[in-house]
Amino acid sequence: MNQKQKKESLLRNGGFQTIIGSLLCIIIGLLVGYVVLLIINPSGAGNAIVAILKNFLYYPSAAAAKMYFGTTLVKSSALLMCSLSVLFAWKVGLFNIGAAGQYVIGVGACLYCGLKWGMPWYICLIAAVVTAAIVGGISGALKAYFNVNEVISCIMLNWIGLYSVNMLLTNVKEQSTPYTKPLSSTNKSALLPNMGLDQLFSKNQFVTIGLPLAILMAVLVWIVLEKTKFGYELKATGMNKNAAKYCGMREKRNIILTMVIAGGLAGFGAGIFYLTGIEQWMVQQTSVPAMGFNGIAAAFLGGSNPIGAVFSSYFIQHITSGGTYVDKTMYCSQISDLISAFIIYLCGFVLFFKVWLNRYLDKKDEKRKGGAA
């Protein structure tokens, strides 16, 4: 195979096309964001976009930079799990827009077990996964048996979950604030162990085993979807449930199981985030946390691939956290969310790019064959 053939073979590779398309989305999204910054206030646009991209590198002290890098990784691990939740369902032909609500249910379960019942971290984590999986299973059952669109049922369950968790966690909130009691002073056994990982990030106590567990879960999801009979059956059901039924597959069970697993992944993300003690839940919250919705962006930016989602989740969280360092006298910190939104909309460009590139390569092949004839 000569150099030209090798190059064309690489360009036809689906994974390579996804990477190039995603990088183009990021670059175009950042450029559009920069233009918006210029329109708002031209004098500070350059410094603002640099601050968003630098994030933890904003700190001149190496120790401070490492500590905040660890915090970004902790948030990225939760975002990764929400991303895996979305892409797992997507691979099976379902759109799990309910990852945000399943995440909230996981928060309620793990914090209630830890603060009210004094349970250890592993029981709290299991509770988060199981309860979120049940909520995901409800949407799956409605889809399987009553053909209720999973988007509709998930959106409704998002709000049911939010207000249910607010009422539940009112029982474990601080008296003087609307926030739940801190795990660090109420029940230290509910905090995830750090296994020495905190030492790598300037003693950042929030860096725990949740970080490697999230990476491990991404690898596990990839193995299940790509290397197992079970994963093949799930994807076959998503492509054509009638054909799957004809082949002897239990299509209703597969739909429900898919949403159960998707919900469990979102709940796992809630557990590995809140059981670090990094945040307390505000029981007066009136909107579903952005973590679940950002998972949609990370899933598609990563090419709907579990390994790609690892990198896209970090990138989305990196620029989101970087928004806190922009000059507040000129811009609001949500400018990074705006840039993320541009990138989300551009994610559709990945598919367009792959189709265009394949057509371009096909035309080149036709011309080459026509010339040879």
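Conventions used here
- Once a new chain begins, its residue numbering starts again from 1 and follows that chain's sequence as written.
- It should be noted that, the model being predicted, local features are given only for residues of pLDDT at least 70 and side-chain atom pairs only at 80 or more, the latter also being counted only at that level, while totals for whole chains, interfaces and linings use all residues.
- Where side-chain values are given, they derive from all heavy atoms of the structure, hydrogens and water being excluded.
- Helix and strand definitions follow DSSP, with helices as H or I runs of at least four residues and strands as E runs of at least two, each counted in order from the N terminus.
- The reference for a compact globule is 2.2 Å times residues^0.38; the radius of gyration itself is calculated from the C-alpha atoms.
- Here's how the labels work: a residue is buried when its accessible area is under 20% of the maximum for its type, exposed when over 50%, partly exposed in between, all with a 1.4 Å probe on protein chains only.
- By definition in these notes, contact holds between two residues if any of their heavy atoms fall within 4.5 Å.
- Computed with a 1.4 Å probe, the accessible areas rest on the Shrake-Rupley method; for each residue, only the protein chains presented here act as cover.
- Residues scored as charged are limited to Lys and Arg (positive) and Asp and Glu (negative), so that His and the chain ends carry no count.
- To locate a charge, take NZ of a lysine, CZ of an arginine, CG of an aspartate or CD of a glutamate.
- Only buried Ala, Val, Leu, Ile, Met, Phe, Trp, Tyr and Cys residues count toward a nonpolar core, and they belong to the same one when joined by side-chain atoms within 4.5 Å.
- What qualifies as a polar contact is a pair of N or O atoms within 3.5 Å, subject to a donor-acceptor requirement within protein and to the restriction that residues adjacent in sequence count only when both atoms come from side chains.
- Side-chain rings of Phe, Tyr and Trp, where Trp is taken by its six-membered ring, are said to pair if the distance between their centres is within 6.5 Å; with planes under 30 degrees apart they count as stacked, over 60 as edge-to-face, and otherwise as tilted.
- The residues that make up patches have over 30% relative accessible area and no salt bridge, and they are joined within 9 Å when like-charged or within 5 Å when they are Val, Leu, Ile, Met, Phe, Trp or Tyr.
- The working definition used for a salt bridge is a side-chain nitrogen of Lys or Arg within 4 Å of a carboxyl oxygen of Asp or Glu.
- Only the stretch in contact is used when a helix axis is fitted, and all axes are lines through C-alpha atoms; the angle between N-to-C directions ranges over 0 to 180 degrees.
- In what follows, roughly perpendicular refers to angles from 65 to 115 degrees, roughly parallel to angles under 35, roughly antiparallel to angles over 145, and oblique to any angle outside these ranges.
- Note on convention: near helix rotated counterclockwise from far helix by under a right angle means a left-handed crossing. Clockwise means right-handed.

Caption draft 1: Representation of the overall build of the protein. Helices and strands together make up the secondary structure of the protein, namely 16 helices and 0 strands. Since a compact globule built from 373 residues should have a radius of gyration of about 21 Å, the 22 Å found for the protein is in line with a globular shape. When the backbone C-alpha atoms are referred to their principal axes, the protein occupies close to 85 × 60 × 40 Å. Buried residues in the protein amount to 47% of all 373 residues. The contacts in the protein between residues at least 6 apart in sequence include a share of 77% that link residues at least 24 apart. When the accessible surface of the protein is summed, it comes to about 18,100 Å², and 66% of that surface belongs to carbon and sulfur atoms. Distance between charge centroids for the protein: 3 Å, based on 30 positive and 13 negative side chains.

Caption draft 2: Structural detail: the nonpolar core. Ranked by internal contacts, the top residues of the largest apolar core, which has 92 residues, are L84, Y103, L111, L169, Y274, W281 and L301. Those residues within four positions of Y274 in sequence are excluded, and the remaining contacts are Y103, V107, C110, L111, L183, E279, Q280 and W281.

Caption draft 3: Here's a closer look at helix α10 (residues 229-239). For α10, the set of buried residues is G231, E233, L234, K235, A236 and T237. Tucked into the core, α10 has its buried residues touching α4 (62-91), α9 (210-227), α11 (241-246) and α12 (251-274).

Caption draft 4: Broad picture of the side chain of N158. Relative to the assigned elements, N158 resides in helix α7 (residues 150-169). Given a relative accessible area of 3%, N158 falls into the buried group. Within the structure, N158 has its side chain in polar contact with the backbone nitrogen of G101 (distance 2.9 Å).

Caption draft 5: Quick peek at the packing of aromatic side chains. Per the counting criterion, the structure on display carries 15 aromatic pairs. On the basis of an interplanar angle of 80° and a centroid distance of 5.2 Å, the ring pair of Y112 and W117 is categorised as edge-to-face. On the accessibility criterion, Y112 (14% relative accessible area) is buried. With a relative accessible area of 54%, W117 lands in the exposed category. Taken together, F56, F69, F201 and Y314 form an aromatic cluster joined through their ring pairs.

Caption draft 6: Representation of a nonpolar patch on the surface in the model. A grouping of Y122, I123, I126, V130, I134 and I138 is seen on the molecular surface, where their side chains present a nonpolar patch of about 540 Å² in accessible area. Position of I123 among the secondary structure elements: in helix α6 (residues 121-146).

Caption draft 7: The arrangement of the packing of helix α2 (residues 14-40) against helix α15 (residues 335-346) in detail. Running from N to C, α2 and α15 cross one another at 140°; their axes reach a closest spacing of 8 Å. Put simply, α2 runs oblique to α15. You can see that α2 and α15 cross each other, and the crossing is right-handed. Taking contact as the criterion, the partners of C25, I26, I28, G29, L30, V32, G33, V36, L37 and I40 in α2 are, on α15, I335, L338, I339, F342, I343 and L346.

Caption draft 8: Molecular detail of unusual backbone geometry. A positive phi angle is found at M195, which is not glycine, with a value near 55°. Locating M195 in the fold gives a position in the loop between α8 (183-186) and α9. Of note, S202 is a non-glycine position whose phi angle comes to about 55°, a positive value. Its place among the elements puts S202 in the loop between α8 and α9. Looking at S202, the relative accessible area reads 25%, which means it is partly exposed.

The analysis is restricted to geometry; functional conclusions fall outside its scope.
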